[in-house]
Amino acid sequence: MKFATYTADGETFFGAITDEGAIALNGEFPNHASLFEVIAAGEFDQLTEVAGVKSVTHRDFAYEMVMPDARRILCVGVNFPDRNAEYKDGSAQPKFMSLFPRFASGFTGHDRPLIRPPENHTLDYEGEVAIVIGKAGRRILQTDAYDHIAALTLCNEGTIRDWVRHAKFNVTQGKNWDNSGAIGPWLVPFVDPAQLDDARIQTRVNGELRQDDTLNRMMFPIRREIEYISTFMTLQPGDVIVTGTPTGAGARFDPPKYLVPGDVVEVSVDGIGTLRNTVEDEQV
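Now for a description of the structure that goes with this document. Every value quoted in this text rests on a predicted model; they were computed, and no experiment measured them.

1. What about the sheet that holds strand E17 (residues 264-269)?
In any sheet, the strands associate via hydrogen bonds between backbone groups, in a parallel or an antiparallel arrangement. Read from one edge to the other, the open sheet built from five strands follows the order E8-E18-E17-E14-E15, with strand pairing classed as mixed. The open sheet has two edge strands, strand E8 (113-116) and strand E15 (208-214), and neither has a second partner. The sheet shows a mean angle of 20° between the axes of neighbouring strands, direction not considered. Across five bridges, strand E14 (residues 200-205) lies against E17 in antiparallel orientation. Bridge pairing links Gln202 to Ser268 in E17.

2. Structural notes on the state of the cysteines
Simply put, the disulfide is a covalent bond whose two ends are the sulfur atoms of two cysteines. One pass over the structure, following the stated rule, counts zero disulfides. With no disulfide of its own, Cys75 lies 6.2 Å from the sulfur of Cys155, the closest cysteine sulfur. A relative accessible area of 0% places Cys75 in the buried class. Classification of Cys155 by relative accessible area gives buried; the value is 0%.

3. Things to note about helix H2 (residues 44-51)
Buried within H2 we find Phe44, Leu47, Val50 and Ala51. Along the long axis of H2, the arc covered by the buried residues comes to 100°, so they all point the same way. Residues of H2 that are exposed and point more than 90 degrees away from the buried face comprise Asp45 and Glu49. Next to the buried residues of H2 lie strand E1 (2-8), strand E2 (11-17), strand E3 (22-24), helix H1 (35-40), strand E11 (149-156) and strand E13 (181-189).

4. Examining the side chain of Gln211
Inspection of the secondary structure assignment puts Gln211 in strand E15. Of note is the side chain of Gln211, whose polar atom sits 2.8 Å from the side chain of Thr245. Among the polar contacts listed, one links the side chain of Gln211 to the backbone oxygen of Pro246, at a separation of 2.7 Å. Apart from residues lying up to four places away in sequence, Gln211 is in contact with Tyr125, Glu126, Gly127, Ile201, Gln202, Thr203, Thr245, Pro246, Thr247, Gly248 and Ala249.

5. Section: the pattern of salt bridges
According to the stated counting rule, one finds 17 salt bridges in the structure shown. The partner of Arg276 in a salt bridge is Asp111, with the nearest N and O atoms 3.5 Å apart. In this pair, Arg276 sits in strand E18 (residues 273-281) while Asp111 sits in the loop between strand E7 (107-108) and E8, placing the two residues 165 residues apart along the sequence. Owing to a relative accessible area of 29%, Arg276 belongs among the partly exposed residues under this scheme. Lys175 is paired through a salt bridge with Glu157; the nearest N and O atoms lie 2.9 Å apart. Of this pair, Lys175 sits in helix H5 (residues 172-175) while Glu157 sits in the loop between E11 and strand E12 (159-160), and the two are 18 residues apart along the sequence. Comparing Lys175 with Glu157, the two get one shared label, buried. Each of Arg102, Asp124, Glu126, Glu157, Arg161 and Lys175 takes part in one network of salt bridges that share partners.

6. What to know about the environment of Ser55
Structurally, Ser55 is set in the loop between H2 and strand E4 (62-63). Once the C-alpha coordinates of Ser55 and Thr18 are considered, the two residues, 37 residues apart in sequence, prove to be 9.9 Å apart.

7. Side note on the side chain of His32
Examined against the element boundaries, His32 turns out to sit in the loop between E3 and H1. Overall, His32 belongs to the buried group, its relative accessible area being 15%. For His32, the side chain forms a polar contact with the side chain of Glu43, separated by 3.2 Å. With residues near it in sequence (within four places) discarded, His32 still touches Phe14, Glu37, Val38, Ala41 and Glu43.

Calculation rules
Residues numbered from 1 in each chain as written. Predicted model: local features only at pLDDT ≥ 70, side-chain atom pairs only at ≥ 80, totals over all residues. Heavy atoms only, no water. Pairing = 2+ DSSP bridges. Helix = DSSP H or I, 4+ residues; strand = E, 2+ residues; numbered from the N terminus. Axes fitted to C-alpha atoms, helices over the stretch in contact; angles between N-to-C directions. Disulfide = S-S within 2.5 Å. Buried < 20%, exposed > 50% of the residue type's maximum accessible area, 1.4 Å probe, protein only. Arc of directions from axis to C-beta. Contact = heavy atoms within 4.5 Å. Polar contact = N/O pair within 3.5 Å; in protein donor to acceptor, adjacent residues only side chain to side chain. Salt bridge = Lys/Arg side-chain N within 4 Å of Asp/Glu carboxyl O.

Now the structure itself:
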């Protein structure tokens, strides 16, 4: 079962996505206005049960960012060995992971355009798996980490490259341009460690394979990410961790291959799906 946020007939819904269409579930959860609120209330598991007895309500709809009201999105940077080597600074694998925040306003939904701003045209792609926390925890052990995951989704962690270089110790301003990235299309319930341990992530631009790697090669595996992050902050249901991108982003080509209007970017993981976005210039 897959769960998404979508619009239809001028209204926004959350619900299940099937081959026949979408099943709106808002009416079955009247106390919750969004998927985020369902997860925060600890009721995500109930979505599957409820959706299983309902019929399709919408066949014509548009996807939104899967959790547009997500409060905390934390991203892990430079998390594959080849990504570390891309920097060509001779550094060994770091002892600790790099982290930075992103905000929901920086993301759009599946089949919607990534927006290239007029101030800078170094819009780049980064295909990643994102996890959604379903159970709160502090100082979570790696052996228990997967017990705290409710769902998986995909992220194109779109970045304005020149702006991540504006300051010495942060990348926040290059990572949070409105609608520069995407999360979706949907949430897939996390029920089996193999969904992450055996996952292969691929990113294509206009059909050309640019990124291709497996999550088991991460320098900081997802269990370690949860352990480390929960050491300094209590993870809460609805928190999103964007887990890291493989080598092959546009900035690392010579010359760089930044995104331009008309490009189509697809991030795919078997068992989760494909997140697809076009690229458009911002209208100002």
